[in-house]
Amino acid sequence: FGIEPSEQMVRYAENVSKIKNITCSDYNKASYPDEHFDVIHCYHSFEHVLSLGDTLQAMNFHLKPGGVLSISVPGIDYIESEDDYKKVLGYGHIYCFSEKWFDLNLPRYGFEIFDIQKNRFDAKKIKNINLCLNGDHPGGIWVLARKVNH
């Protein structure tokens with residue numbers, strides 16, 4: 001399953017990537033039934049979301065008890081150069097994330113972090129990558145959290 005707000009990217013996902021079950025809409029609490037998923041995975045999309053709080057609430061609502069939330073985002077923790085800043089702050093990114101942001105915010109929305117992976121990125125090595133075809137840069141933060149049962 002997937003949700004994508006851009007019709008053009010939905011067509012790309014269906015026609016080029018052959019992804020099925022993708023819907024053109026905004027993600028919110030009404031998108032799926034309560035406790036519908038075992039895992040929700042966001043790969044370099046969370047930094048484009050306007051309302052992070054509403055989105056995290058919806059994710060908690062849609063995950064089954066003990067379900068896993070996986071979020072991969074560009075990370076500000078390893079910025080070392082002007083080129084690095086351009087990769088993290090460019091491409092329509094609304095937010096920059098750090099490990100501390102996740103440590104402070106995920107528990108507020110009913111999640112317990114059980115793993116955080118941080119990867120350095122080298123802007124010199126990735127400046128020739130076609131981001132449209134290959135997604136965002138390979139560096140950043142990958143967070144795994146579990147829905148806490150209350």
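Below is a summary of the structure that appears in this document. Predicted model only: the values in this text are computed from it and were never measured. (Residues numbered from 1 in each chain as written. Predicted model: local features only at pLDDT ≥ 70, side-chain atom pairs only at ≥ 80, totals over all residues. Heavy atoms only, no water.)

Points about the pattern of salt bridges
By the definition in use, this model includes 2 salt bridges. Among the salt bridges present, the one from Lys64 reaches Asp38, with a minimum N-O distance of 3.5 Å. Residue Lys64 is located in strand β4 (residues 63–73), and its partner Asp38 is located in strand β3 (residues 37–43); the two are separated by 26 residues in the primary sequence. You can call Lys64 partly exposed: its relative accessible area is 32%. Across the pair Lys118 and Glu99 runs a salt bridge, and its minimum N-O distance is 2.5 Å. Within this pair, whereas Lys118 is found in strand β5 (residues 111–119), its partner Glu99 is found in helix α4 (residues 99–105), the two being separated by 19 residues in sequence. With a relative accessible area of 25%, Glu99 lands in the partly exposed category. (Salt bridge = Lys/Arg side-chain N within 4 Å of Asp/Glu carboxyl O. Helix = DSSP H or I, 4+ residues; strand = E, 2+ residues; numbered from the N terminus. Buried < 20%, exposed > 50% of the residue type's maximum accessible area, 1.4 Å probe, protein only.)

Examining the environment of Glu4
Inspection of the secondary structure puts Glu4 in strand β1 (residues 2–4). Taking the C-alpha atoms as reference, Glu4 lies 8.0 Å from Tyr27; in sequence the two are 23 residues apart. With residues up to four places along the chain from it excluded, the contact list for Glu4 reads Met9, Val10, Ile22, Thr23, Cys24 and Ser25. (Contact = heavy atoms within 4.5 Å.)

Here's the deal with the nonpolar core
Within the largest apolar cluster, 21 residues are counted, with the highest numbers of intra-cluster contacts made by Phe46 and Leu69. Elements supplying a minimum of two residues to this core: β3, α2 (52–62), β4, β5 and β6 (140–147). Looking at this core element by element, the count peaks at 4 residues for β4. Beyond its immediate chain neighbours, meaning those up to four positions away, Leu69 contacts Ile40, Leu56, Met59, Leu63, Leu106, Phe111, Val143, Leu144 and Ala145. (Core = buried A, V, L, I, M, F, W, Y, C linked by side-chain atoms within 4.5 Å.)

As for the side chain of Ser98
Along the chain, Ser98 falls in the loop between α3 (82–89) and α4. The exposure class assigned to Ser98 is buried, which follows from its relative accessible area of 16%. Once residues lying within four places of it in the same chain are set aside, the contact partners of Ser98 are Ile76, Asp77 and Ile141.

Some points on unusual backbone geometry
If you check the backbone angles, Asn21 has positive phi at about 60° while not being a glycine. Considering the arrangement of structural elements, one finds Asn21 in the loop between α1 (7–15) and β2 (22–24). Taking the relative accessible area as the measure of exposure, Asn21 reaches 52% and is therefore exposed.

Digging into a nonpolar patch on the surface
There is a patch of nonpolar side chains on the surface, built from Ile76, Tyr85 and Leu89 and spanning about 270 Å² of accessible area. Relative to the elements of secondary structure, Ile76 occurs in the loop between β4 and α3. By relative accessible area, which is 34% here, Ile76 ends up partly exposed. (Patch = residues over 30% accessible without salt bridge, like charges linked within 9 Å, V, L, I, M, F, W, Y side chains within 5 Å. Areas by Shrake-Rupley, 256 points an atom, 1.4 Å probe, with all protein chains shown as cover.)

Re the sheet that holds β3
Sheet strands line up and pair through hydrogen bonds in the backbone, either parallel or antiparallel. Ordered in space as β3-β4-β6-β5, the 4 strands form an open sheet in which the pairing is mixed. Here the strands that pair on one side only, and so sit at the sheet edges, are β3 and β5. Within the sheet, the average angular offset between the axes of one strand and its neighbour, ignoring direction, is 10°. Across 8 bridges, β5 lies against β6 in antiparallel orientation. Bridge pairing in β6 links Asp115 to Leu144. This element, α2, spans β3, β4, β5 and β6 of the sheet and lies at about 140° to β4. (Pairing = 2+ DSSP bridges. Axes fitted to C-alpha atoms, helices over the stretch in contact; angles between N-to-C directions.)

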